[in-house]
Amino acid sequence: MDRTIVGTRFDAGAQYIDGALRKGTSGDTFDVTSPADGTLVQRVDLASTADVDAAVAAAKRAFPAWSTATPAERSTALTRLAAILEERAEDFARVESAQTGKPIKLTTEFDVPGTIDNTAFFAGAARNLEGKASGEWSGTHTSSIRREAIGVVGSIAPWNYPLQMAAWKILPAIAAGNTIVLKPAELTPLTSLMFAQACTDAGIPDGVVNVITGKGRSVGEYLIGHPDVSMVSFTGSTGVGTRVGEVAIQGVKRTHLELGGKAPFVVFDDADLEAAINGAAAGSLINTGQDCTAATRAYVQRPLFDAFVAGAAEIFDSIRLGDPFNAQTDLGPLVSERQRDSVAGFVDRARGYGATIAAGGFAPEKGHDGTDLTVGAYYRPTLVTGIAQDAEIVQQELFGPVLVVLPFDTDDEGIELANDTPYGLAASAWTTNTFRALRATREIQAGCVWVNDHIPIISEMPHGGYKASGYGKDMSQYSLDEYTQVKHVMQDITAVARKDWHRTIFGDR
């Protein structure tokens, strides 16, 4: 397979500060390796806290001019950015596949086009920061609303969608007039650096977009607590998100948290069975299951249960694992051997509890294309049945290609089981009955509920969770609420020196 990666390389440094690549000053390096075969993709030098200071200082300097630029000026720059991303789409797709192990067809047809579309959306949204119309609510004053940028945003992005998550953090922040310092996951920093370079090439001023690479416990936590960072945005696990919130609250910073998920997939007995089976396979296995919104718990009403398990197992067994750069490969490796071993541990323990493994449940040796998979972090798509609702594999986020299938009898029970989790990021309901669909979308506690599909996202609609899945929205016009603050301006229209209410403080009417 053609593994050529062209375009931006990072020999000049792996920090993007004030419009240029720089070397990190920590003295430490990190080898970004392919999880498909362990080969070196790029060695990056890691940031020190001094580099964080430099990035935040650059963002702080850039803020006054960028925040007062007209919406049209910010929109024009983002429109140019979308065009540059389109021109470099192949390069972005190859680097994303190399550092994550994603199949090239996923990065080419999903990750990169989605990022370009999101950029185009925010180019338009930058010109549509609306507030309530001016008016006289008191009768003696005109009130108006100003929607203003917050300042420097410190963002931390995860490793499962490095390019898209960088865009989800950067785009609404800068469209609203903020500046940003982004720390990508140390495993997958390369496309975030490429995105920052593209921002500069699009004419976005130096210092508006900065990227630092380093470890979460050192530079990440330092960034969150930095006194010149006014807002924190984090996507990742609920456990780490809790720590992010603890650090941010010390500075009374606004926080935006998109955390873990354990999405239910509820199949009622009138559902289109073939559609539900196909949807379960796609919705649970996308990105090798490393997706907070992936279907992880299928609840199937008992009349359809056996046929659903049989059909899903057939598809799971047909999934082609192999070289991510092979256009026919369906599923790549997990992001690391550590992650693969964690997923295998969940399955092995479930097997020990008496669960039935209807498909998969092991690390394969050969790919569909003859690739030696023992040198990569591969795991077969796995279907688990015969396990209790309170089992860890049902309740805890495992982030891998594993779907647990459990039966239910009544509609009440199906919805109750769907909500029996601390998470609430996404869910789906499968039914041909309008009233069942309306009930499910009303009663399932999640930030997104699909009906007769699972996973599709669009730039115009918000993404964010309920409960332990965090708060705040990515994408859509709603995300701009996260990155702006509202100011009430109240102006006297009477020109009267002594107001009537003054008598409550001194003198008489």
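Residues numbered from 1 in each chain as written. Predicted model: local features only at pLDDT ≥ 70, side-chain atom pairs only at ≥ 80, totals over all residues. Heavy atoms only, no water.

Concerning the pairing of strand β12 (residues 295-301)
Remark: a regular strand shows side chains that alternate across the two faces of the sheet.
Phase 1: In terms of burial, β12 is a largely internal element, 7 of the 7 residues being buried.
Phase 2: Sheet topology places strand β11 (residues 263-267) next to β12; 5 bridges connect them, and they run parallel. Paired with P264 across the two strands is R297, which belongs to β12.
Phase 3: Of the crossover connections in this fold, the one passing from β11 over helix α9 (residues 273-285) to the parallel β12 is right-handed.
Phase 4: As paired strands, β12 and strand β15 (residues 402-408) are joined by 5 bridges and run parallel to one another. Residue pairing for β15: Q301 is matched across the bridge by F408. (Buried < 20%, exposed > 50% of the residue type's maximum accessible area, 1.4 Å probe, protein only. Helix = DSSP H or I, 4+ residues; strand = E, 2+ residues; numbered from the N terminus. Pairing = 2+ DSSP bridges. Right-handed = clockwise from strand over helix to strand, strands pointing away.)

Some remarks on the pattern of salt bridges
Phase 1: All chains considered together, the criterion is met by 25 salt bridges.
Phase 2: The partner of R243 in a salt bridge is E246, and the shortest N-O contact between them spans 3.4 Å. Placement of the pair is R243 and E246 together in helix α8 (residues 238-250), with a separation of 3 residues, close to one helical turn.
Phase 3: Judged by its relative accessible area of 40%, R243 is partly exposed.
Phase 4: D270 is the salt-bridge partner of R436, the closest N and O atoms lying 2.9 Å from each other. With R436 in helix α14 (residues 434-443) and D270 in the loop between β11 and α9, this residue pair connects regions lying 166 residues apart in the sequence. (Salt bridge = Lys/Arg side-chain N within 4 Å of Asp/Glu carboxyl O.)

Notes on the domain arrangement of the chain
Phase 1: When cut into domains, the chain gives domain 1 (15-129 + 143-258 + 475-488) and domain 2 (264-451).
Phase 2: Each of domain 1 and domain 2 was reduced to a C-alpha centroid, and the two centroids are 30 Å apart.
Phase 3: The partner domain 2 presents 26 residues to the 22 residues of domain 1 that form the contact.
Phase 4: A combined buried area of about 1800 Å² lies between domain 1 and domain 2, and 62% of that area is made up of carbon and sulfur atoms.
Phase 5: Taken together, the connections running from domain 1 to domain 2 amount to 1 salt bridge.
Phase 6: Between K105 and D330 there is a salt bridge, and its shortest N-O distance comes to 2.7 Å.
Phase 7: Looking at the side of domain 1 that touches domain 2, the elements with two or more residues in it are α3 (89-100) and α4 (104-125).
Phase 8: For the side of domain 1 that touches domain 2, the class distribution of residues is 10 nonpolar, 7 polar and 5 charged. (Domains from an automatic or database assignment. Contact = heavy atoms within 4.5 Å. Buried area = accessible area lost by both parts, 1.4 Å probe. Nonpolar A, V, L, I, M, F, W, Y, C, P; charged D, E, K, R; others polar.)

Focus on the packing of α4 against helix α5 (residues 162-175)
Phase 1: Put simply, α4 and α5 touch, their axes get as near as 10 Å, and they point 5° apart. Classified by the angle between their axes, α4 and α5 sit roughly parallel to one another. On the side of α4, the interface is formed by F110, D111, V112, G114, T115, N118, T119 and F122, while α5 contributes L163, Q164, A167, W168, L171, P172 and A175.
Phase 2: Split into classes, the residues belonging to the contact of α4 with α5 amount to 9 nonpolar, 5 polar and 1 charged. (Axes fitted to C-alpha atoms, helices over the stretch in contact; angles between N-to-C directions. Parallel < 35°, antiparallel > 145°, perpendicular 65-115°, else oblique.)

With respect to the UniProt feature "domain: Aldehyde dehydrogenase" (unreviewed entry) in the chain
Phase 1: Within this numbering scheme, the UniProt entry marks residues 25-489 as carrying the feature "domain: Aldehyde dehydrogenase" (unreviewed entry).
Phase 2: Its end C-alpha atoms 45 Å apart, residues 25-489 is made of 42% helix and 20% strand. (UniProt positions renumbered as here; feature names shortened; annotations may be inferred.)

Regarding the packing of aromatic side chains
Phase 1: In total, this model carries 6 aromatic pairs according to the counting rule given.
Phase 2: Here the aromatic rings of F110 and Y161 are separated by 6.2 Å at their centres, their planes lie at 55°, and the arrangement is tilted. Residue F110 is found in helix α4, and its partner Y161 is found in the loop between β6 (152-156) and α5; the two are separated by 51 residues along the sequence.
Phase 3: Their ring planes at 45° and their centres at 6.3 Å tell us that F265 and F308 sit as a pair that is tilted. Linking F265 in strand β11 with F308 in helix α10 (residues 302-318), this pair joins segments that are 43 residues apart in sequence.
Phase 4: For F308, a relative accessible area of 0% gives the class buried.
Phase 5: What links up through ring pairs into an aromatic cluster is the set F265, F308 and W430. (Phe/Tyr/Trp six-rings, centres within 6.5 Å; stacked < 30°, edge-to-face > 60°.)

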